[in-house]
Amino acid sequence: MDSVQKFLEAVPQPVFLGLASVGALFLGSKLFSYLQLLLNAFVLSGTNLRKYGRPGSWVVITGASDGMGKEFALQLAAKRFNLVLVSRTKAKLESLAKEIEEKNTGKGVEIKTLAMDFNQNNDADYEKLEELVRGLDIAILLNNVGVSHSIPVPFTECDTEELESIITVNCIGTIKTTRIIAPIMKEQKRGLILTMGSTAGWAPTPLLATYGGSKAFLQHWNTAMAAELADYNVDSYLILSHLVTTAMSKIRRPSLNIPTAKSFVRAALSKVGLGGFINAPKTYAPWWPHAFMIWAVEKIPGVNNSTVISINKSMHVDIRKRALRKREREAKKA
Ligand SMILES: NC(=O)c1ccc[n+]([C@@H]2O[C@H](COP(=O)([O-])OP(=O)(O)OC[C@H]3O[C@@H](n4cnc5c(N)ncnc54)[C@H](OP(=O)(O)O)[C@@H]3O)[C@@H](O)[C@H]2O)c1
Ligand SMILES: *[C@@H]1O[C@H](CO)[C@@H](O)[C@H](O)[C@H]1NC(C)=O
Ligand SMILES: *[C@@H]1O[C@H](CO)[C@@H](O)[C@H](O)[C@H]1NC(C)=O
Ligand SMILES: *[C@@H]1O[C@H](CO)[C@@H](O)[C@H](O)[C@H]1NC(C)=O
């Protein structure tokens, strides 16, 4: 203790004050971001969706027939938005449209559907989409469509077909759809674009390298585009999500950190734009346990920390082993 005190006394006062204020600023900024995290999670609500369109204005949702896309459709119809549902399987789209119409009878919710496979990257499909939305008052675009690796896989062992479809659906599909819808919003001087990101894109994720890369692309793309669209009163956000119980995650049982699509989407629609503490601007993590995880990783080791990346890698190596064993069992049964 004595020697510490002697050392402190020996430090010239301006240097001491300088160091102390750097320290205070550092701690202060962590504290401030923690406060923001708590307020976002438990106190504040996000932008009211009515800012973007009156009842009867339209929402375009991609990947709308299942998982989170389907939930977005159900919950936005209940908020009296009309829907353009875009997804691969026609029959699933039609039964969802019927379900929504039955749930909202008398409320005048209109629904248009378009069955298209984003993996085909077919110009004719995008022309049909353009035709379908012509003249509509579009309040919200939900860039939700996405595919991942069927199981965690080392990059060098992944089929090129799978690699290509991830980029084609997640990146090309999203930018081409937005290229159609964003100009309409720009013209209207009003609108909201929400794009489904992933924590696999926020932090480098071994064995999901290409999926994570596609989501990192969307994250950077969104931040830049949002700055451009801000001049036209159009808001654009990336929604950061960790695991949710859907067909994609193959997890059925919800837990605190793995919500159902219904709970996740409810949070996503009530917390629009409440980012703040996250490194990437124009990004928000609506599910609060996800937000706490994101905060802790960003503020303590950092997303690029090599120890964090190697822990993540062992986790995915394990998941892969289990998934391969399950495949084997199922192959034997069949
Ligand atoms: N689930 C998670 O843990 C998680 C975590 C972070 C981020 N996300 C992201 O959240 C978004 C939604 O994921 P989810 O879990 O809800 O997925 P999901 O349950 O697998 O549903 C995907 C939806 O996209 C459609 N789709 C898939 N490939 C398509 C294609 N080639 N062309 C047209 N439509 C296609 C599916 O249509 P069909 O009905 O024809 O199958 C389905 O409606 C994705 O962007 C995903 O990356 C998910
Ligand atoms: C680890 O893996 C998951 C995917 O299972 C990913 O979403 C997460 O962001 C990764 N990284 C960290 C730092 O948690
Ligand atoms: C990663 O984070 C841990 C814990 O904060 C730290 O001890 C380690 O030095 C970091 N590694 C690198 C390479 O920065
Ligand atoms: C992590 O590394 C990537 C490049 O690999 C960079 O774009 C990003 O800004 C880094 N994140 C942080 C928080 O330093």
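Residues numbered from 1 in each chain as written. Chains lettered and ligands numbered in written order. Predicted model: local features only at pLDDT ≥ 70, side-chain atom pairs only at ≥ 80, totals over all residues. Heavy atoms only, no water.

Visitor: Give me the overall build of the protein: which residues, what numbers.
Guide: Counting its regular elements, the protein contains 11 helices and seven strands. The dimensions of the protein, computed from C-alpha atoms along their principal axes, are 80 × 55 × 35 Å. Residue pairs in contact within the protein that sit at least 24 positions apart in sequence constitute 73% of those at least 6 positions apart. A total of about 17,600 Å² of accessible surface is found on the protein, and carbon and sulfur atoms cover 58% of it. Of the charged side chains in the protein, 41 are positive and 29 negative; the average position of the first set lies 7 Å away from that of the second. (Helix = DSSP H or I, 4+ residues; strand = E, 2+ residues; numbered from the N terminus. Contact = heavy atoms within 4.5 Å. Areas by Shrake-Rupley, 256 points an atom, 1.4 Å probe, with all protein chains shown as cover. Lys, Arg positive; Asp, Glu negative; His and termini not counted. Charge placed at Lys NZ, Arg CZ, Asp CG, Glu CD.)

Visitor: Got a sec to walk through the sheet that holds strand S6 (residues 234-239)? Specific residues and values, please.
Guide: With parallel pairing, seven strands are arranged side by side in an open sheet as S3-S2-S1-S4-S5-S6-S7. The open sheet has two edge strands, strand S3 (111-115) and strand S7 (283-284), and neither has a second partner. Bridge count for strand S5 (residues 191-196) against S6 is six bridges, and the pairing is parallel. Note on S6: the bridge partner recorded for Thr 195 is Leu 238. Lying on the sheet, helix H4 (residues 90-103) is in contact with strand S2 (82-87) and S3; it crosses S3 at an angle near 170°. Sitting on the sheet, helix H6 (residues 160-188) is in contact with strand S1 (58-62), strand S4 (138-143), S5 and S6, with an inclination near 160° to S4. (Pairing = 2+ DSSP bridges. Axes fitted to C-alpha atoms, helices over the stretch in contact; angles between N-to-C directions.)

Visitor: Please give an account of the site of ligand 2 that cites residues and values.
Guide: The immediate surroundings of ligand 2 are formed by Thr 199, Ala 200, Trp 202, Ala 203, Thr 205, His 242, Val 297, Val 308, Asn 312, Met 315 and His 316. At 3.4 Å from an oxygen atom of ligand 2 is found a main-chain nitrogen or oxygen belonging to Ala 200. The separation between an oxygen atom of ligand 2 and a polar side-chain atom of His 316 is 2.8 Å. Breaking the shell around ligand 2 down by element, the ones donating at least two residues are helix H7 (199-202) and helix H11 (306-333). In terms of residues, the shell around ligand 2 owes the most to one element, H11, which gives four residues. (Near = heavy atom within 4 Å. Polar contact = N/O pair within 3.5 Å; in protein donor to acceptor, adjacent residues only side chain to side chain.)

Visitor: Before we move on, can you summarise the packing of aromatic side chains with the specific residues and values?
Guide: Considering all chains together, one arrives at six aromatic pairs under this definition. With centroids separated by 6.1 Å and ring planes inclined at 65°, the aromatic side chains of Phe 118 and Tyr 126 adopt a geometry described as edge-to-face. There is no split in this pair, since Phe 118 and Tyr 126 are both buried. Among the aromatic residues, those joined into a ring-pair cluster are Phe 42, Trp 288 and Phe 292. Sitting over the ring of Phe 81, Arg 50 keeps its end group 4.6 Å from the ring centre. (Phe/Tyr/Trp six-rings, centres within 6.5 Å; stacked < 30°, edge-to-face > 60°. Buried < 20%, exposed > 50% of the residue type's maximum accessible area, 1.4 Å probe, protein only. Lys NZ or Arg CZ within 6 Å of the ring centre and 35° of its normal.)

Visitor: Before we move on, can you summarise the pairing of S1 with the specific residues and values?
Guide: When you tally the buried positions in S1, you get five out of five residues, the bulk of the element. Here S1 shows two buried faces, one formed by Trp 58, Val 60 and Thr 62 and the other by Val 59 and Ile 61. Direction of pairing for S1 relative to S2: parallel, over a ladder of five bridges. From the neighbouring strand, Ile 61 faces S2, where its bridge partner is Leu 85. Both S1 and S4 contribute to a ladder of four bridges, which runs parallel. Note on S4: the bridge partner recorded for Val 59 is Ile 140.

Visitor: I'd love a proper account of helix H2 (residues 13-42), names of residues and values included.
Guide: Along its 30 residues, H2 runs 42 Å from first to last C-alpha, staying within 8% of the 44 Å computed at 1.5 Å per residue. Along H2, the residues that are buried comprise Ser 33, Leu 37, Asn 40 and Ala 41. On its buried face, H2 sits against helix H10 (288-299). (Expected span 1.5 Å × (residues − 1).)

Visitor: Requested: an account of the site of ligand 1, with residues and values cited.
Guide: Around ligand 1, the surrounding shell holds 32 residues, and the nearest of these are Ser 65, Thr 89, Lys 92, Tyr 211 and Thr 246. A distance of 3.0 Å separates an oxygen atom of ligand 1 from a polar backbone atom of Val 244. Protein contact buries 94% of the 910 Å² of open area that ligand 1 shows by itself. Elements with a minimum of two residues in the shell around ligand 1: helix H3 (67-78) and helix H8 (209-229).

Visitor: Can you explain the layout of surface pockets? Please cite residues and give values.
Guide: One number sums up the size of the second largest pocket: a volume of about 180 Å³. Going through the elements one at a time, H6 and H8 are the ones with two or more residues in the lining of the second largest pocket. The element best represented in the lining of the second largest pocket is H6, accounting for six residues. (1 Å grid on protein atoms, 1.4 Å probe; cavity = no way out; pocket = protein on both sides within 12 Å on 5 of 7 lines; lining within 4 Å. Points joined across faces, edges and corners; volume = space filled by probe spheres on them.)

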